[in-house]
Amino acid sequence: MPAHKRILLKLSGEALMGDDAYGINRATIVRMVREIQEVTKLGVEVAVVIGGGNIFRGVAGGSVGMDRATADYMGMLATVMNSLALADTMRQEGMTARVMSAIAIEQVVEPYVRPKALQYLEEGKIVVFAAGTGNPFFTTDTAAALRGAEIGAEIVLKATKVDGVYTADPKKDPSATRYARISFDEAITKNLQVLDATAFALCRDQKLPIKVFSIFKPGALKRVVMGEDEGTLVHV
Ligand SMILES: Nc1ncnc2c1ncn2[C@@H]1O[C@H](COP(=O)(O)OP(=O)(O)OP(=O)(O)O)[C@@H](O)[C@H]1O
Ligand SMILES: O=c1ccn([C@@H]2O[C@H](COP(=O)(O)O)[C@@H](O)[C@H]2O)c(=O)[nH]1
């Protein structure tokens, strides 16, 4: 029996590159989709937010003198590209997905309308929320927290490049150790950067737990959904 009926899965955009220097690696996206398919077969309703770090991040544009808000809109459009690629790969694998965008681009994808998203989930379709929150100065982690709260997800699952929340960034500090569980208050106070503070605060206020786990570990998503010991739980 799965531990959760409805989940919001945040997929790392950066991880989509696989071993490539940029963009979307075919084998990687297919592998991610097959892992999602496994949990949908358990009867779990799945909504997805995917990042854009494999294509563009607003801070990168801002750092070379671009207007930050403009750069952030470019970042949001990057997430639309990833969302389209994800939904199309799902289609190829025999799944039904719907992309809903927080920014109006109706010729390309339908707009985000909450009751419609809820309907799709109830019908067993996978909903991919594109364009983040639709606002600059945010990230897709915050979009995951926001949409997760809106759709009544029981948990936000952050599938990322590290296998949990550490005492410090494990990519910079090899002596960092992983938490099995950590409270929102402690994660925020310690300024742990694995998610942005806005996402942590929103989930804390909405009592929406987060599980951080590795996107690279085969079977990890299913283990998380089954409530097995995997990654780090961030709790109230
Ligand atoms: N205390 C910490 N514990 C774990 N990871 C941390 C910590 N502090 C910083 N990090 C870094 O946070 C990264 C994950 O967050 P980040 O938002 O950069 O990636 P993502 O969400 O996977 O990518 P994208 O934004 O493209 O979707 C990890 O790769 C890790 O290096
Ligand atoms: O609500 C949002 C979400 C995202 N952005 C911009 O998009 C990029 C890519 O998202 P990541 O979460 O970093 O993968 C982000 O860097 C922002 O520039 C946004 O402005 N608002």
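Residues numbered from 1 in each chain as written. Chains lettered and ligands numbered in written order. Predicted model: local features only at pLDDT ≥ 70, side-chain atom pairs only at ≥ 80, totals over all residues.

Chemist: Where do I start with the overall build of the protein chain in this structure?
Modeler: Scanning the protein chain from N- to C-terminus turns up eight helices and nine strands. In summary, the protein chain has a C-alpha radius of gyration of 17 Å against a globular reference of 18 Å for 236 residues, a match within 12%. Structurally, the protein chain occupies a C-alpha span of about 50 × 50 × 35 Å along its principal axes. Looking at the protein chain residue by residue over its 236 residues, the buried ones come to 47%. Partitioning the contacts of the protein chain with sequence separation of at least 6, the portion at a separation of at least 24 is 70%. (Helix = DSSP H or I, 4+ residues; strand = E, 2+ residues; numbered from the N terminus. Rg over C-alpha atoms; globule rule 2.2 N^0.38 Å. Buried ≥ 20, exposed ≤ 12 C-beta atoms within 10 Å, placed from the backbone. Contact = placed C-beta atoms within 7 Å.)

Chemist: Explain the site of ligand 1 here, please?
Modeler: Around ligand 1, 19 residues are found, and the nearest of them are S12, G13, G51, G53 and D169. By residue class, the composition of the shell around ligand 1 is eight nonpolar, seven polar and four charged. (Near = placed C-beta within 6 Å. Nonpolar A, V, L, I, M, F, W, Y, C, P; charged D, E, K, R; others polar.)

Chemist: Looking at this structure, how should I read the UniProt feature "domain: Aspartate/glutamate/uridylate kinase" (unreviewed entry) in the protein chain?
Modeler: The sites that UniProt annotates as "domain: Aspartate/glutamate/uridylate kinase" (unreviewed entry) are residues 5-214. With 39% helix and 18% strand, the stretch residues 5-214 has end C-alpha atoms that lie 21 Å from each other. (UniProt positions renumbered as here; feature names shortened; annotations may be inferred.)

Chemist: Quick question: what am I supposed to make of the confidence of the model for the protein chain here?
Modeler: Detailed reading of the predicted coordinates is not advisable wherever pLDDT is low. Averaged over every residue, the pLDDT of the protein chain is 97; the share at 70 or more is 100%. Across the interface, the model reports ipTM at 0.97; the global pTM reads 0.98. (pLDDT = per-residue confidence, 0-100.)

Chemist: Just to check I follow, could you spell out the pairing of strand β1 (residues 6-11) for this structure?
Modeler: Note on strand geometry: in a regular strand, side chains alternate between the two faces of the sheet. The element β1 is extensively covered by neighbouring structure, given that five of its six residues are classed as buried. Summarising the sheet, β1 and strand β2 (residues 45-50) pair through six bridges and their orientation is parallel. Following the sheet pairing, K10 is matched in β2 by V49. Following the backbone out of β1, through helix α1 (residues 26-40) and into the adjacent parallel β2, one traces a crossover that is right-handed. Relative to strand β6 (residues 155-160), β1 runs parallel, the two sharing five bridges. (Pairing = 2+ DSSP bridges. Right-handed = clockwise from strand over helix to strand, strands pointing away.)

Chemist: So what exactly am I meant to see when it comes to the sheet that holds strand β5 (residues 126-130) here?
Modeler: Spatial strand order, β4-β3-β5-β2-β1-β6-β8-β9-β7: nine strands in an open sheet with mixed pairing. Only two strands of the sheet have a single partner each, and these edge strands are β4 (110-111) and β7 (181-183). Where α1 meets the sheet, its contacts fall on β1, β2 and β5, and the angle it forms with β2 comes to roughly 155 degrees. Its contacts with the sheet place helix α4 (residues 114-122) against β1, β2, β3 (97-101) and β5, and it is angled at close to 150 degrees to β5. (Axes fitted to C-alpha atoms, helices over the stretch in contact; angles between N-to-C directions.)

Chemist: Explain the UniProt feature "binding site: ATP" (unreviewed entry) in the protein chain to me, please; I cannot follow it from the model alone.
Modeler: Within this structure's numbering, the places UniProt gives as "binding site: ATP" (unreviewed entry) are K10, L11, S12, G13, G53, R57, T160, Y166 and D169. The greatest C-alpha distance among the residues just named is 23.4 Å, and with 160 residues of sequence between them they are spread in space as well. Structurally, L11 is set in strand β1. What makes L11 buried here is the crowd of 28 C-beta atoms within 10 Å.

Chemist: Explanation requested: the site of ligand 2 in the structure shown.
Modeler: Taken together, 22 residues lie near ligand 2, and G51, G58, D72, G75 and G132 sit nearest. Only α2 (58-63), α3 (68-92) and α5 (140-150) provide two or more residues apiece to the shell around ligand 2. Of the residues forming the shell around ligand 2, the biggest block, five residues, is contributed by α3. Looking at the shell around ligand 2 residue by residue, the class counts come to six nonpolar, 13 polar and three charged.

Chemist: Mind showing me how you'd approach the pairing of β2 here?
Modeler: For β2, a buried count of six out of six residues is recorded, marking the element as mostly surrounded by other parts of the structure. Residues E45, A47 and V49 point to one face of β2 and V46, V48 and I50 to the other, with burial holding for every one of them. Note: β2 against β5, three bridges, orientation parallel. Pairing of V48 across the sheet is with V128, part of β5.

Chemist: Is there a simple way to explain the packing of α5 against helix α7 (residues 197-206) in this structure?
Modeler: Axis angle and axis distance: for two packed helices, these are the angle between their axes and the distance between the axes, and together they describe the pair. Look at α5 against α7: their axes get within 8 Å of each other, and the N-to-C directions meet at 15 degrees. Considered as vectors, α5 and α7 are oriented roughly parallel to each other. Helix-helix and strand crossings are classified by hand; for α5 and α7 the assignment is left-handed. Of the residues in α7, those in contact with D141, T142, A144, A145, L146 and A149 of α5 are T198, A199, L202, C203 and Q206. Residues that form the contact of α5 with α7 fall into these classes: seven nonpolar, three polar and one charged. (Parallel < 35°, antiparallel > 145°, perpendicular 65-115°, else oblique. Left-handed = near helix turned anticlockwise from the far one by under 90°.)

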